[in-house]
Amino acid sequence: ALSFIPFQSSEMDSVQDLVESSAFSNDEEHLDAVVIAMEENDNAIRILEEEEKKLIARLNQLDEEERIRNSSDGSSQLKESIVTFNNVKPKKGIEMLLECGEIKENTPKAVAQFLFECKDLSKEGIGEYLGEPHDFNLEVLASFADLHDFEDLSFVDSLRLYLASFRLPGESQKIDRMMEAFANTYHNLNKETFHNSDTAYVLAFATIMLNTSIHNPNIKDKMTLEGFQSMNRGIDNGSDIDPQFLQDIYENISAKEFDVHGKEDQILKTFVDPEKSGWMHKEGGSVKTVKKRFFVLKNGCLYYFDSEKSTKPKGTIPLENLVVFPTGKPWWFEIKGEVEVGSIKSAKIKNGTLVEGRHTSYKINAPTEEDMNDWITKLRAAMTKDPLMERFHMVQKRAKNEK
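Residues numbered from 1 in each chain as written. Predicted model: local features only at pLDDT ≥ 70, side-chain atom pairs only at ≥ 80, totals over all residues. Heavy atoms only, no water.

Novice: Hey, could you go over the pattern of salt bridges for me, with residue numbers and the actual values?
Specialist: A full pass over the atoms with the stated rule returns seven salt bridges. The salt bridge partner of lysine 89 is glutamate 128, with a shortest N-O separation of 3.3 Å. With a gap of 39 residues between them, lysine 89 in the loop between helix H3 (76-87) and helix H4 (90-99) and glutamate 128 in helix H6 (residues 123-130) connect regions that are remote in the sequence. The class for lysine 89 is partly exposed, based on a relative accessible area of 41%. Relative accessible area serves as the criterion here: at 28%, glutamate 128 is assigned to the partly exposed category. One salt bridge in this structure joins aspartate 371 and lysine 276, with 3.3 Å as the shortest N-O distance. Taken together, the positions of aspartate 371 in helix H14 (residues 369-383) and lysine 276 in strand E1 (residues 276-283) put the pair 95 residues apart, joining distant regions of the chain. (Salt bridge = Lys/Arg side-chain N within 4 Å of Asp/Glu carboxyl O. Helix = DSSP H or I, 4+ residues; strand = E, 2+ residues; numbered from the N terminus. Buried < 20%, exposed > 50% of the residue type's maximum accessible area, 1.4 Å probe, protein only.)

What follows is the structure, encoded as structure tokens:
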């Protein structure tokens, strides 16, 4: 199979290196032009890299189709059915497999058995088929989960085994159904581990969040063991899970990443814990001054304070229906409305009184590129009203016996 080789970077490690070494360091207009040109160059390279990845993926796909068709195993009908499942539509592929008799019965158990045992089926196709909301597919999903032997297997190894058998799709509702199927099967086979399947669901979700936090390079503030244990406090019918149990999960995930590839952007949005704090500079609204503020991202709002110890925010920005993106100027990013009309709904303190904000956008400067990327990642997660995250919090409250 072909693999992607990234473009080689220029001799300059960053725009800042160019600025510092430039003979025109006193010419701000020239420097701004250089920065913009380099950013446009970087964007063009990223587009070319994405196109190259897509081309390589398609070539590998064609190679795999050719391998299946030329293999000595199975009939031509079986081969065409698998190619259809992998590259056209999983549902159509299953129908062809039933017509040619490769799947003996049109029952959820028979279809699940074939999905579980056939090594030529794509994991993406399996994930897509299992995630469909139709009654038949839901029964196939339950049977597919039951085919995994989680008995006497550790929780994290059980989840790893399950996730390796398909690719998580990007849609929240599909992920929810798949996590619920895992939780039910794991609890049925390991009754003594948790009080009920809600605990397994919440912990499975939290474990994938941990995996995303530790192994995604866009996330700077990695989840700590203490943070992971705090997240899962009281989730076993109101009781705490053994701290060593959670520590074993944390160390296992730290040592080896879960294989949860697929629609990476959606997976990232779904499993990012959107909370963060730190010092940054904010550009003023009507008066374009730049002031240092302490920012806190929590509960879908971005707050900024005069100091880290302040109890009352200078301003509050609800993040619903907003977007965030880098401006191209190191390391500034901008927050604005999805539709560029009117001011952003916000509030600030003026002369000791809470008043409505009148910003059409917020421009904020992070201390480093890494920090900027981390803020953007978590802000985007907070801006996304994900039904799966709402469902997770609902089951989490139920698992804690909270009303």
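Novice: Account for H6, with residues named and values stated.
Specialist: For H6, the set of buried residues is Gly125, Ile126, Gly127, Tyr129 and Leu130. The elements touched by buried residues of H6 are H3, H4, helix H5 (108-117), helix H7 (135-146) and helix H9 (172-189). (Contact = heavy atoms within 4.5 Å.)

Novice: Which residues make up the pairing of E1, and what are the values?
Specialist: Every regular strand shows the same layout, with side chains that alternate between the two sheet faces. Because side chains alternate across E1, one face comprises the buried residues Lys276, Gly278, Met280 and Lys282, and the other comprises Ser277, Trp279, His281 and Glu283, none of which is buried. Looking at chain direction, E1 and strand E2 (residues 290-298) are connected through eight bridges and run antiparallel. Bridge assignment links lysine 282 to a residue of E2, and that residue is lysine 291. In the sheet, E1 pairs with strand E9 (residues 361-365) via two bridges, with the strands oriented antiparallel. (Pairing = 2+ DSSP bridges.)

Novice: Give me the lowdown on the packing of aromatic side chains, citing residues and values where you can.
Specialist: Centre distance and the angle of the planes are the two values used to describe a pair of aromatic rings. Using the criterion set out here, one finds 18 aromatic pairs in the structure. Where phenylalanine 150 meets tyrosine 162, the ring centres are 6.4 Å apart and the plane angle is 80°; that geometry is what we call edge-to-face. Highlighted residues: phenylalanine 150 in the loop between H7 and helix H8 (155-163) and tyrosine 162 in helix H8, separated in sequence by 12 residues. When sorted by exposure, phenylalanine 150 lands in the same class as tyrosine 162, which is buried. Relative to phenylalanine 245, the ring of phenylalanine 194 has its centre 5.8 Å away and its plane inclined at 75°; by these criteria the two rings are edge-to-face. Here phenylalanine 245 lies in helix H12 (residues 243-255) and phenylalanine 194 lies in the loop between H9 and helix H10 (197-215), a separation of 51 residues in the sequence. (Phe/Tyr/Trp six-rings, centres within 6.5 Å; stacked < 30°, edge-to-face > 60°.)

Novice: Now, about the nonpolar core: what can you tell me, with residues and values included?
Specialist: Note on soluble globular proteins: their nonpolar side chains tend to be buried together. Counting 63 residues, the largest nonpolar core has Leu115, Leu130, Phe155, Tyr162, Phe166, Leu203 and Phe228 as its most contacted members. If one sorts the elements of this core by residue count, H10 sits on top with 11 residues. Discounting chain neighbours no more than four positions away, the residues touching phenylalanine 155 are Phe182, Tyr186, Phe194, Ala200, Leu203, Ala204, Thr207, Phe245 and Ile249. If you look at the next biggest cluster of nonpolar residues, it comprises 22 residues, including Ile344, Tyr362, Ile364 and Ala382. (Core = buried A, V, L, I, M, F, W, Y, C linked by side-chain atoms within 4.5 Å.)

Novice: How would you summarise the environment of leucine 147 if you had to cite specific residues and measurements?
Specialist: Inspection of the secondary structure puts leucine 147 in the loop between H7 and H8. Given a relative accessible area of 27%, leucine 147 falls into the partly exposed group. Placed 15 residues apart in sequence, leucine 147 and tyrosine 162 show a C-alpha to C-alpha distance of 9.8 Å. Leucine 147 has contacts with Ala112, Gln113 and Phe116, leaving out every residue within four places of it along the chain.

Novice: Lay out the side chain of aspartate 371 in plain terms, naming residues and giving numbers.
Specialist: When its relative accessible area of 7% is taken as the criterion, aspartate 371 is described as buried. A distance of 3.3 Å separates the side chain of aspartate 371 from the side chain of lysine 276, its partner in a polar contact. (Polar contact = N/O pair within 3.5 Å; in protein donor to acceptor, adjacent residues only side chain to side chain.)

Novice: If you had to explain the packing of H7 against H9 to someone new, which residues and values would you point to?
Specialist: Across the interface, H7 lies against H9 with an axial gap of 9 Å and an inter-helix angle of 45°. The orientation of H7 relative to H9 falls into the category oblique. Judged by the sense of rotation from one axis to the other, the crossing of H7 with H9 is right-handed. On H9, the residues touching Leu138, Leu141, Ala145 and Asp146 of H7 are Arg177, Met178, Ala181 and Thr185. (Axes fitted to C-alpha atoms, helices over the stretch in contact; angles between N-to-C directions. Parallel < 35°, antiparallel > 145°, perpendicular 65-115°, else oblique. Left-handed = near helix turned anticlockwise from the far one by under 90°.)

Novice: Could you give an account of H12, naming the residues involved and the relevant values?
Specialist: Helix length check: H12 (13 residues) gives 18 Å between terminal C-alpha atoms against 18 Å at 1.5 Å per residue, within 8%. Looking only at H12, the buried set comprises Leu246, Ile249, Tyr250 and Ile253. Down the axis of H12, the smallest arc covering the buried residues is 100°, so these residues share one side. In the core, the buried residues of H12 are packed alongside H8, H10 and helix H11 (225-231). (Expected span 1.5 Å × (residues − 1). Arc of directions from axis to C-beta.)

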